[in-house]
Amino acid sequence: MALAETEIPTASVSADTALDGRFGPAVALSCRECGARYDLGPSFACIECFGPLEVAYDFGRVTREQIAAGPASIWRYRALLPVPEGVAARPNMAPGWTRLVNAGNLARELGLRSLHVKDDSGNPTHSFKDRVVAIAVEAARNFGFHTLSCSSTGNLAGAVTAAAARAGLDACVFIPADLEQAKIVMASVYGGRLVGIEGTYDDVNRFCSELIGDELGERWGFVNVNLRPYYAEGSKTLAYEIAEQLGWRIPDQIVVPVASGSQLTKIDKGFKELIALGLVEERPYRIFAAQAEGCSPVSAAYKAGHDVIRPVRPDTIAKSLAIGNPADGPYVLDIARRTGGAVEDVTDAEIVDAIRLLARTEGIFAETAGGVTVGVLRKLVAEGRLDPDAETVVLNTGDGLKTLDAVAGEARPTAVIRPSLDEFRSVIA
């Protein structure tokens, strides 16, 4: 089926062209709701039912040995992604293969037998967003776009401007005007244009949706709008890496932060693909979703037993999760319920305390989103809703240096002394 006329027909590719290898094993876009299939192109919504589109594949044989022989980046999973065979040799940020930390100290503190932290702060721009943007850049190249763009709560803006600089593309990104200063600095240092919008992230996202239909946005690739099906596939690599780093094993339970909800749904997709390809043993796993209380529409729906997400106006220090109308919220509910997980939220005070807890026990300085996941993990354990004897993974998706204001209030020297041993003895006694 051809793309709708409202899309960008000059940038679409036919089903025959899809077989030339530019999109790797990807063969079509498929509606998550009704199953309608479309040619690969810069499209994100089904014209039959308005459901979200995602990439459909025809995977060949993929082995553990083949993956292990690949580079130490997400490109080791090239055979499972909508990218060409030679993608690792192109100018790109080569994100991924971040460390999986055996968090024994934190586990003992919380009363868990086995806990790992997937620490994505080690990516090139210090957040997991480098993964999704890397896939979107390849799609933008395939469709002939000259400008990369996005609506962002901060991390994505920096990932887009950095990736555009590396790929030799222009960039123009849009953020809420009241974003943390550190994220504004990071998004602007790579060049391109950074535009602040008065309002919430949802206001920014609506503006970008309008811009796509305007001549101003012609030949622009909005990574989380018209390139969203490809962009979202980058989150699967978190599932792939966790399984491989555990010795090709899916963890019993995992705690994932929720903003739009796309990351969580793609982690679930990644686990299912590994099972279907025979790369891991099929076993039950539970997925828990974590939100900040000040922006918790998915958590509220889960607790009320609802299937519909009621939008909210965000009011939380966890700005990277401050999406009041999450596009994938209903799918997060489905996955949490299907896997026997849950959706929970924590207060801003609990977020700050969890940031400090992770730093104190494991030497990992998480941004506020990481404080949300660790805070929810602690809450679930305390309430007996998470199995303390099961192998558990918690995600830290960004670096605490981006959200210093959250913990700056109590940051001061333990003591201030003259350079005197006697005076030092007096303060440590």
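To start, this report covers the structure provided alongside it. (Residues numbered from 1 in each chain as written. Predicted model: local features only at pLDDT ≥ 70, side-chain atom pairs only at ≥ 80, totals over all residues. Heavy atoms only, no water.)

Some points on the layout of surface pockets
Inference 1: If you add up the space inside the largest pocket, you get close to 610 Å³.
Inference 2: Around the largest pocket sit 26 residues that line it, and Phe 44, Asn 205, Arg 228, Asn 325 and Ala 327 are the ones nearest its centre.
Inference 3: Counting only elements with at least two residues in the lining of the largest pocket, the list comes to β3 (53-57), α7 (201-212), α8 (228-233) and α10 (262-276).
Inference 4: It is α7 that contributes the most residues to the lining of the largest pocket, 5 residues altogether.
Inference 5: Residue composition of the lining of the largest pocket, grouped by class: 12 nonpolar, 7 polar and 7 charged. (1 Å grid on protein atoms, 1.4 Å probe; cavity = no way out; pocket = protein on both sides within 12 Å on 5 of 7 lines; lining within 4 Å. Points joined across faces, edges and corners; volume = space filled by probe spheres on them. Helix = DSSP H or I, 4+ residues; strand = E, 2+ residues; numbered from the N terminus. Nonpolar A, V, L, I, M, F, W, Y, C, P; charged D, E, K, R; others polar.)

With respect to the pattern of salt bridges
Inference 1: Considering all chains together, one arrives at 32 salt bridges under this definition.
Inference 2: One salt bridge in this structure joins Glu 273 and Lys 236, with 3.0 Å as the shortest N-O distance. Note that Glu 273 is positioned in helix α10 and Lys 236 in helix α9 (residues 236-245), a separation of 37 residues in sequence.
Inference 3: Each member of the salt-bridge network shares a partner with another, and the members are Arg 32, Glu 54, Arg 228, Glu 233, Lys 236, Lys 266, Lys 269, Glu 273 and Asp 328. (Salt bridge = Lys/Arg side-chain N within 4 Å of Asp/Glu carboxyl O.)

Points about the environment of Val 117
Inference 1: Examined against the element boundaries, Val 117 turns out to sit in strand β5 (residues 114-119).
Inference 2: Placed 125 residues apart in sequence, Val 117 and Ile 242 show a C-alpha to C-alpha distance of 9.7 Å.
Inference 3: Among residues more than four places away in sequence, those in contact with Val 117 are Arg 99, Leu 100, Val 101, Ala 103, Leu 358, Ile 364, Val 394 and Asn 396. (Contact = heavy atoms within 4.5 Å.)

Re the sheet that holds strand β8 (residues 193-197)
Inference 1: Here 4 strands make up an open sheet; going across it, the order is β8-β7-β6-β9 and the pairing parallel. Unpaired on one side and paired on the other, β8 and β9 (220-222) mark the two borders of the sheet. Between one strand axis and the next, the sheet turns through 20 degrees on average, direction left out of account.
Inference 2: Relative to β9, strand β6 (residues 147-151) runs parallel, the two being bridged by 3 bridges. (Pairing = 2+ DSSP bridges. Axes fitted to C-alpha atoms, helices over the stretch in contact; angles between N-to-C directions.)

Quick look at helix α14 (residues 368-382)
Inference 1: With 15 residues, α14 should cover 21 Å at 1.5 Å per step; its first-to-last C-alpha distance of 21 Å lies within 8% of that length.
Inference 2: With 12 of its 15 residues buried, α14 lies for the most part within the structure.
Inference 3: Those residues of α14 that fall on the buried side of the exposure criterion are Thr 368, Ala 369, Gly 370, Gly 371, Val 372, Thr 373, Val 374, Gly 375, Val 376, Leu 377, Leu 380 and Val 381.
Inference 4: The first or second residue beyond α14 is Gly 384, which carries a positive phi of 75 degrees. (Expected span 1.5 Å × (residues − 1). Buried < 20%, exposed > 50% of the residue type's maximum accessible area, 1.4 Å probe, protein only.)

Some thoughts on the nonpolar core
Inference 1: Core analysis: the largest hydrophobic core is formed by 84 residues, its most contacted members being Tyr 230 and Ile 254.
Inference 2: Considering each element in turn, this core owes the most residues, 8 residues, to helix α4 (residues 129-142).
Inference 3: Formed by 37 residues, the second largest nonpolar core is a distinct cluster that contains Val 255, Ala 259, Leu 321 and Leu 377. (Core = buried A, V, L, I, M, F, W, Y, C linked by side-chain atoms within 4.5 Å.)

Points about the sheet that holds strand β2 (residues 37-38)
Strands pair in a sheet through their backbones, by hydrogen bonds, and they do so in one of two ways: parallel or antiparallel.
Inference 1: With respect to topology, 3 strands assemble into an open sheet ordered β2-β1-β3, the strand pairing being antiparallel. At either margin of the open sheet sits one strand with a lone partner, and together these are β2 and β3.
Inference 2: In this structure, strand β1 (residues 26-31) lies alongside β3, joined through 5 bridges in antiparallel fashion. Opposite Cys 31, over in β3, you have Leu 53 as the bridge partner.

A few points about unusual backbone geometry
Inference 1: Of note, Ala 94 is a non-glycine position whose phi angle comes to about 45 degrees, a positive value.
Inference 2: In this structure, Ala 94 sits in the loop between α2 (64-68) and β4 (100-102).
Inference 3: For Ala 94, a relative accessible area of 37% translates into the label partly exposed.

With respect to the side chain of Lys 236
Inference 1: Residue Lys 236 is classed as buried on the basis of its relative accessible area, which comes to 0%.
Inference 2: Once residues lying within four places of it in the same chain are set aside, the contact partners of Lys 236 are Tyr 57, Phe 59, Leu 80, Leu 81, Lys 266, Lys 269, Gly 270 and Glu 273.

Some words on the pairing of strand β13 (residues 391-396)
Inference 1: Along β13, 6 of the 6 residues are buried, which leaves the element largely enclosed by surrounding structure.
Inference 2: Burial along β13 is two-sided: Glu 391, Val 393 and Leu 395 and Thr 392, Val 394 and Asn 396, pointing in opposite directions, are all buried.
Inference 3: Relative to β13, strand β10 (residues 253-257) runs parallel, the two sharing 3 bridges. Of the residues in β13, the one forming a bridge with Val 255 is Val 394.

This is a description of form; function is not addressed.
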